[in-house]
Each structure stands twice: as structure tokens, then as C-alpha cells.
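Here are the chains, one letter per residue:
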Amino acid sequence: MLVSMNWINDFVDLTNEDIPALIKRFTLATAEVEDIIYKGSDVKGVVVGKILTCEAHPNSKKLHLLTVDKGDEVVNVVCGAPNARAGITVALACDGGMVGGKPINKVTLAGYESCGMCCSEAELGLSTDHTGIIELPDSYKAGTPIEEVFPLNDIIFEVDNKSLTNRPDLWGHYGIAREFSALTGKPLKAIPTVNIGDFTSLPELSIKSTDEMLYRYVAVTAENITANIAPAYMRVRLFYCGLRSINLLADLTNYVMLELGQPMHAFDGRKVKSIEVKRFENPFEFTTLDGQKRNIENTNLMICTDNEPSAVAGVMGGLDSEIADDTTSLLLESACFDAAAIRRTSVKLGLRTDASARYEKSLDPENSLTAALRFIKLLVDICPETKITSRFTDLYLKKFDIPVITFDKPYIDRYTGIDIPSETIVKTLTSLGFDVKQSGDSFFVTVPSWRATKDVSIKADLVEEVTRVYGYDNFPIITARSPLFPVKPSVSKSDEHTIKDILARRFKLHEVHSYVWYDDKENKELKINPAPNLRVINAQTFDHSTLRSSMTPSLLYFINDNKNYASEFGIFEIGQVVKGIKDGKANEQKYLGIVITSRDKNDEAVIYKARDIADVLIRATRGISPEFINIKPEESYSHPKNTSEIFADGVAVGTIGIIHPTVKTAIDKKAHIAYLELNLIELAALATTKQSYNETSSYPGIDFDLTIPAASGTKYSDIKKAWTDNAPEHLKSVNLIDIYGEDDKNITVRMSFVSAERNLTMEEVSAHVNTITSRLSEMGIEIRK
């Protein structure tokens, strides 16, 4: 949210204050400030000028030759604005001045001398309008500095919206001014409003509702509104705070919203006679102010005028109720709604507005009437001819309870660890709007309505209020008295660190982060059809409603987005997947996902790299050698034949495979892509095998290569049992050397024999090999002689 210090000064006098230092203190005490912008510092030497003559340029269809009175002299100016003409008053950037940070100097344009520039609003930073030069009222004298016409100089600071989530009172300048008042000790001025008692004799409006989503609805009508343009200061403040000027009535609603944090809506008085707030039983289409058709359901609260829907409550008005330029009467709405209901409606319609962003923070219903009174005050000041034609009709259906919190001085001292004087406690809370009564060391605090909706409810909240204004930097730095002991990380967390380190350092993979849901649009593009899974009811968009049951599709999105940056790379992520429902809740599990892609290597190379990664990770974390068993794939992105399940100590811990050709072609038909997923919860549950180390023998070993025929369907893990079960003496290792053949394979392994005490003889090794071949024979595998 953008905040104007000129606006803040309307309510608390900050003259002679160090504004940048005060904003920094605001960050420490209240909410995070992301940026400070100094407006007007890039404009110098601009004055009011009056165009005396305007002639067409003899050699140009667009340019005009002007003589402009700038107060102390008349100068020649070449101007291309379509609205340039004799007799109008303009903003003239003089020779030696500056506009938009760029110097303005005397130059020759199209053969004629130009001693300045007539400026548009965009060039002065007042709006985005650059269609023509500014036309000022004739009442301004030539030579008047432009700063006396427009309040260009201002300090704008941007507050991080996330830090205001629990502070609905800070979504307007007045609430922030209250914070500056407390921080500086300077008084907060009251909001200027009209006196409600002046209108009690006027007719009451027809406002009806019994819906529990409506808390309060204040309305008032006015006519004979002859002004159509907001004052310059108001338009500048709106633009500096991120909103564009539209017309007087629309600008007033936005101005009061930014000032008090209360969204408002002005209905065209010619179209509205009565108001009813309700929900409809049957769905229907409704066109909002942005011209979009929205599907309204029975959960969406609507504002109806004369029995016809005219606005989506708390979100946006309808197109038919829009204030037109020729509007001279209005019905003003200032309401408060259920925060959760507005949030659900906003998400469902995919329509987030300045109004809905505030309503969903739980606004103070008491502010609705104040805002309406403030609006009318501003309207009457700007347009004195305005006639108020109704009383302030107030339908108040739900009031928040106002808590009274009791605490004592020792409670504050115990929480803070320091002695904050009772006078400081009372002064601080009072400056923030709390009503404080003191009896000895006891305090009885009534929470103001604007802090009672969701913010302050317990004693600890009041401790925070006192300490943040007192200043955390004023607390003495002392060593904690409690002993601090290191906390041993969980097995799962330790595994994560190990896995990330290996993948990044050894295998040069890149870590990515994604969301816990699928992207249906991406899935459709990549020909991925994930199995049905849990869906999010109030997803931000329909495409992001299905929670993922696998990591691989999320990683394939990254592969597709980055495929043109490198011919070969790999990515990984440790994240959450959802495997249906367990005990009535989403069954969340932590998975490691890896995808490797290469245009230079073939499928065999990338799947073997993925296999090596799985082997290294499982050995590094559990000390277990994994097994890979070919399976029929369950996921649409998996290759129908080259997909395997990974087992560690007999427990399935993941899957590995090649990407389905259809998916691969959708990404890059020249690429070869393999994936790997490990269930880190299952992996962490396995017992870690302790590593044993043997002294290296000083005697030479003997290697023996053995070729083993393996019929189709034979598992290598079964063949290994011939030498792993009751392993022969002196057998140090067995390594797979080669696999060849079509359907029936031949597997060549190299057996290494060594003794730590002596040289082995060939006869001893042959006896060991014969033992192994005999075991293979018992399995039905005959070794060729």
C-alpha cells in the first residue's frame, strides 16, 4: 500500500520531524516499509503560463508556434499538443528547468526557436494522461510556480501488505496517522465530517436485509451535484497512491477509502430508489463495472436496487449502476460485510479489488457511518450547491463485542524484562485509541472498535502495543539466563541436507521450488493426464485446484520452460505430495523428485544416471543397496516398459523411469528424459546399516569373469543370491560388466577374490566359482562349459 506523507500531515503535524527516520521507526514499530519515493524532486522551473498567440507551423501539420506569457516575459514555444490554442492557461517548463528528471533548454525545433515546453499531466507526474497539455483555470497568474497549483512535492512510502493482514485499521491514511501520532507524541486531529444531526429531519431510505453476511449498511442520497472534476490535490494524492482519477464522485469514494480504509460505492441517483442486500437461490450472469460477465451463485451476496442486482457486495459494482459524467445525483453506500464471505466471493469470481482486499481483513462496522459523513463533508466543500435529500439511513445488523482487558504492572514487567513506567503505559495505549483506567498497579483497558474485529483480544496483545511504541531498540541487550542446548535434527531433516548436498555437489543438479498443486493448463500442453486426486475448493484459479500426487509433472513444467537454455541439465525438488485421504485428512507425504534431460545422450544413458543417483542417495542415507524391479506404470507420463520400482531393504521407496514418448515429444522430441521419485518418509523409517571397513590386503587378488544366461523374466536380484547368501570365503566384490542378447540375456559379472593373509591359488578360486555355479544350477541356470 502506498502512503502519502502530505496526507498524513493533514491529521498529525510532523513539521520539523526527520521524515525518513520517522518512516524507519514506523517499520520497527508497526509495519514493514519496502520503499520510499520522493515525488516532485524531478520537476523544477515550471510555472503558470498563458498562451497569447497560436499559429500553425508552416512546414508541419502537428506543430504550433506559440507565444507564452510566463509572468516576467513573453517567450516563443514550439508545441505539438493537439489542444494548444490562444487564450488557455498552461504549465510551462522554462529554459533551465527540469521535467521528469530531464533538463529543459532553449532549442531550435523545425527551424524555430523554442524557449521552454508546455507540459502534460504525465510529464509532470500527475497522471498517465499525455493526450494534451494541461489546461489550468484562468484564475492563476502567469509566473505562479506550479507547486502552488499542484502539490507535487511529497514523500510516498510503500508498506508491505502482508504486514497489515491483522491490522484492518491501517488500510487507510488516518489509521497510519494514528501510529505516527503515538510514535511522535503529537496529537491526532479529528476527521472533519458533517454533523449527522443536521439531517435527521430528512426522509429515511428504503434499506432492507436480514442476511447474516451483512454487518452494517449506511446510505444517504444527494442531488444538484454540479461539479464533475475532483480538486487538484485530490487527483494528485490518488495518483501518487496508485489510483487514477475518473470523475468527482468516483474519486471521492476512492479518496475516502484510502483515507479511512472504508470502501464505498456511489450509485447513480437516477437509477436507484431502494436497496436490498441478499443472496439469490438460482445462479445467473452479472456484468460488473469492468465489463466482464460473472457467474453469480447462491453463496454470493448481492446489492439490489429496485429488486434488480446492481453490485457484487464488497467486490465491485455493476455496469448499469456506474456513475456517468453527467450524473448530478447519487445514492452513497458505506457498508461492512463478513470478511470470509467477501474473500470466498472474490476468489470464486477471480476478481480481487481494492475494496475486497480491505473487506476481507475484517473492517470495523463503526467506520461505515464515519466514512459516509466524511464523504458528504468533502462533497459539500467541493460543490456547495449540493443538496442532501435523505437522512443517513443506518441498517446495523451485527456489532462486534468490545473487549475489556485487565492486567497489572508486574505482568508487563515480567513479559518485557524491564521497568516501563505506568505513566508510559497509559500514555502509549491512550495515544493508540485505547481507553485506559488505572487503579494502583492494575489497568483496565477498553479496546477501540477498530482494533477489536480481529487484532487485540488478550493481555499479551497489549504488551505488544506498549513495547513496540516504546521501541524494541530501547531494550537493554542482556544475555539470556536459560541454558541453550543444541537440538539434534530429525532423521528426515538430516537426510534432506545430505541429499541436497550430494545432488548439487556431485551430480550438478539444480534445485527448484513449485506449488503443491498441478497446473491443468500445463498438463494439457504436455499431454499429462494425472490420476484424480483431492481438489482445493477455493483455489485461486480452476487450473490450480487439483493437489499433486506426484512430483514429476511439476518438474516437467520447469524442464519445458527451460529446455532452450541448455542441451543437458537436471533439476530436483523436495516437496509435499498428497496421496488421497487418511484419517479424514489429506495424506501428505514428503517426496524427492528428480528429472534429467539431455539432447546429447540416449535414453539408456539418462536412465542409468538416474539409477546411479538413486543408488548413491540410498547408500548415503541408509547404507543399503537398492533394488530396481520393472513394473507396469501407474502414471500417464511414465514409459510403458522402462519404469521400475525402487526397493530398499524390501520396502518400496520410490519409482524410476523414462518419460512417456508422447510427453517427451510435447516437451522436446530430440530430448531424452528420465525421472526419479523417492518417498523420504518411507526412506527415513528404514534402519541405517552401519558401515564396516576392512584393511586393504597387501596380497594381489584374482578376478574371475563369469557369463550367466538369464531367460526372459529372470531378475538380477535373484541371480545375486548365488553369491550373496552365505558368500564364499575370500570373495571381495562382484561387479556387473555387461549384458547382451535379445530376449534371453547373457550377463557377465566380474568376481574379485583376495586374502588378507596370503596369495590365493587358482585352484582355490576355481573351487569358490564352482560353488557359485552349483547354486546357479539349483536355480535352473546352467553355465556353459
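Residues numbered from 1 in each chain as written. Predicted model: local features only at pLDDT ≥ 70, side-chain atom pairs only at ≥ 80, totals over all residues. Heavy atoms only, no water.

Engineer: Could you give me a rundown of the overall build of the protein, with the residues and numbers involved?
Structural biologist: Assigned secondary structure in the protein consists of 20 helices and 36 strands. In terms of C-alpha radius of gyration, the protein reaches 38 Å, well past the compact-globule figure of 28 Å for 785 residues. Going through the 785 residues of the protein one by one, you find that 48% of them count as buried. Contacts in the protein between residues at least 24 apart in sequence constitute 70% of all its contacts with a sequence separation of at least 6. As presented, the protein carries roughly 39,400 Å² of accessible surface, and 49% of it is formed by carbon and sulfur atoms. (Helix = DSSP H or I, 4+ residues; strand = E, 2+ residues; numbered from the N terminus. Rg over C-alpha atoms; globule rule 2.2 N^0.38 Å. Buried < 20%, exposed > 50% of the residue type's maximum accessible area, 1.4 Å probe, protein only. Contact = heavy atoms within 4.5 Å. Areas by Shrake-Rupley, 256 points an atom, 1.4 Å probe, with all protein chains shown as cover.)

Engineer: Describe in detail the pattern of salt bridges, supporting the description with residues and values.
Structural biologist: Tallied over the full model, the rule gives 41 salt bridges. Close ionic contact of Lys-361 with Glu-360 constitutes a salt bridge, the shortest N to O distance being 3.4 Å. In this structure Glu-360 comes out as buried when scored by relative accessible area, which is 13%. Note that Asp-705 is salt-bridged to Arg-750, the shortest N-O span being 2.8 Å. With a gap of 45 residues between them, Asp-705 in strand 34 (residues 702-710) and Arg-750 in strand 36 (residues 745-753) connect regions that are remote in the sequence. (Salt bridge = Lys/Arg side-chain N within 4 Å of Asp/Glu carboxyl O.)

Engineer: Got a sec to walk through the packing of aromatic side chains? Specific residues and values, please.
Structural biologist: According to the stated counting rule, one finds 16 aromatic pairs in the structure shown. One aromatic cluster in this structure is built from Trp-7, Tyr-233 and Tyr-255. One cation-aromatic arrangement involves Arg-178 over Trp-450; the distance from NZ or CZ to the ring centre is 4.1 Å. (Phe/Tyr/Trp six-rings, centres within 6.5 Å; stacked < 30°, edge-to-face > 60°. Lys NZ or Arg CZ within 6 Å of the ring centre and 35° of its normal.)

Engineer: Which residues make up the sheet that holds strand 19 (residues 308-312), and what values do they have?
Structural biologist: Sheet strands line up and pair through hydrogen bonds in the backbone, either parallel or antiparallel. Spatially, 5 strands are ordered 12-15-18-19-20 in an open sheet, and the strand pairing comes out mixed. Of all strands in the sheet, those with a lone pairing partner are strand 12 (206-208) and strand 20 (316-317), marking the two edges. (Pairing = 2+ DSSP bridges.)

Engineer: Give a description of the packing of helix 9 (residues 409-416) against helix 11 (residues 459-470) that names residues and reports values.
Structural biologist: Direction vectors running N to C along helix 9 and helix 11 enclose 70 degrees, while the axes themselves pass 10 Å from each other. Classified by the angle between their axes, helix 9 and helix 11 sit roughly perpendicular to one another. The crossing of helix 9 and helix 11 is right-handed. Here Tyr-411, Ile-412, Tyr-415 and Thr-416 of helix 9 come into contact with helix 11, specifically with Lys-459, Ala-460, Val-463 and Thr-467. Taken together, the residues that form the contact of helix 9 with helix 11 break down as 5 nonpolar, 2 polar and 1 charged. (Axes fitted to C-alpha atoms, helices over the stretch in contact; angles between N-to-C directions. Parallel < 35°, antiparallel > 145°, perpendicular 65-115°, else oblique. Left-handed = near helix turned anticlockwise from the far one by under 90°. Nonpolar A, V, L, I, M, F, W, Y, C, P; charged D, E, K, R; others polar.)

Engineer: Before we move on, could you go through the domain arrangement of the protein and cite the residues and values that matter?
Structural biologist: In terms of domains, the protein is made up of domain 1 (2-40 + 155-184), domain 2 (44-152), domain 3 (196-396), domain 4 (404-474), domain 5 (491-685) and domain 6 (702-778). Each of domain 1 and domain 6 has a C-alpha centre, and the two are 77 Å apart. (Domains from an automatic or database assignment.)

Engineer: Report on the environment of Asn-759, specifying residues and quantitative values.
Structural biologist: For Asn-759, the position within the fold is in the loop between strand 36 and helix 20 (762-778). Among the residues examined, Asn-759 registers a relative accessible area of 44% and is labelled partly exposed. Put simply, Asn-759 and Arg-622 are 137 residues apart on the chain and 35 Å apart in space, counted from C-alpha to C-alpha. Once residues within four sequence positions are removed from consideration, Asn-759 is found in contact with Tyr-699, Pro-700 and Glu-764.

Engineer: Before we move on, could you go through the pairing of strand 4 (residues 64-69) and cite the residues and values that matter?
Structural biologist: In this structure, strand 3 (residues 44-56) lies alongside strand 4, joined through 6 bridges in antiparallel fashion. Its bridge partner being in strand 4, Cys-54 is matched across the sheet by Leu-66. Note that strand 4 and strand 5 (residues 74-79) share 6 bridges and pair antiparallel. Paired with His-64 across the strands is Cys-79, a residue of strand 5. From the end of strand 4 to the start of strand 5, which pair antiparallel, there are 4 residues, and Gly-71 there has a positive phi angle of about 100 degrees.

Engineer: Just give me the short version of the nonpolar core, but keep the residues and values in it.
Structural biologist: Within the largest apolar cluster, 83 residues are counted, with the highest numbers of intra-cluster contacts made by Phe-157, Phe-375 and Phe-392. Once residues within four sequence positions are removed from consideration, Phe-392 is found in contact with Val-194, Ile-196, Phe-199, Val-218, Ala-219, Val-220, Leu-369, Ala-372, Leu-373 and Ile-376. With 35 residues, the next largest nonpolar core counts Leu-205, Ile-275, Ala-311 and Val-315 among its residues. (Core = buried A, V, L, I, M, F, W, Y, C linked by side-chain atoms within 4.5 Å.)

Engineer: Break down helix 10 (residues 422-431) for me, citing the residues and quoting the values.
Structural biologist: Looking only at helix 10, the buried set comprises Ser-422, Ile-425, Thr-428 and Leu-429. For helix 10, the angular spread of the buried residues around the axis is 130 degrees, confining them to a single face. Exposed residues pointing more than 90 degrees away from the buried face of helix 10 are listed as Glu-423 and Lys-427. Where the residues of helix 10 are buried, they touch strand 24 (404-408), helix 9, strand 25 (435-439), strand 26 (442-446) and helix 11. Trailing helix 10 by a residue or two, Gly-433 shows a phi angle of about 100 degrees, which is positive. (Arc of directions from axis to C-beta.)

Engineer: Let's hear about unusual backbone geometry: which residues, and what values?
Structural biologist: With a phi close to 65 degrees, Lys-527 is a non-glycine residue in the positive phi region. By the element assignment, Lys-527 lies in the loop between helix 13 (520-525) and helix 14 (552-562). Of note, Asp-649 is a non-glycine position whose phi angle comes to about 55 degrees, a positive value. For Asp-649, the location among the structural elements is in the loop between strand 31 (638-648) and strand 32 (651-659).

Engineer: With reference to specific residues and values, describe the side chain of Asn-523.
Structural biologist: You can see Asn-523 is positioned in helix 13. For Asn-523, a relative accessible area of 3% corresponds to the buried category. Apart from residues lying up to four places away in sequence, Asn-523 is in contact with Tyr-518, Ile-528, Pro-530, Pro-553 and Tyr-557.

Engineer: How would you summarise the sheet that holds strand 11 (residues 154-159) if you had to cite specific residues and measurements?
Structural biologist: The 3 strands are arranged 1-11-2 in an open sheet whose pairing can be described as antiparallel. Since the sheet does not close on itself, it has two edges, and those belong to strand 1 (2-4) and strand 2 (33-39), each with one partner. Pairwise comparison of adjacent strand axes, ignoring direction, gives a mean angle of 25 degrees for this sheet. In the sheet, strand 2 pairs with strand 11 via 6 bridges, with the strands oriented antiparallel. Paired with Ile-36 across the two strands is Phe-157, which belongs to strand 11. Packed onto the sheet, helix 3 (residues 173-184) meets strand 1 and strand 11 and runs at close to 65 degrees relative to strand 1.

Engineer: Give me the side chain of His-672: which residues, what numbers.
Structural biologist: Mapped onto the elements, His-672 comes out in strand 33 (residues 672-679). There is a polar contact of 2.8 Å between the side chain of His-672 and the side chain of Asp-603. (Polar contact = N/O pair within 3.5 Å; in protein donor to acceptor, adjacent residues only side chain to side chain.)

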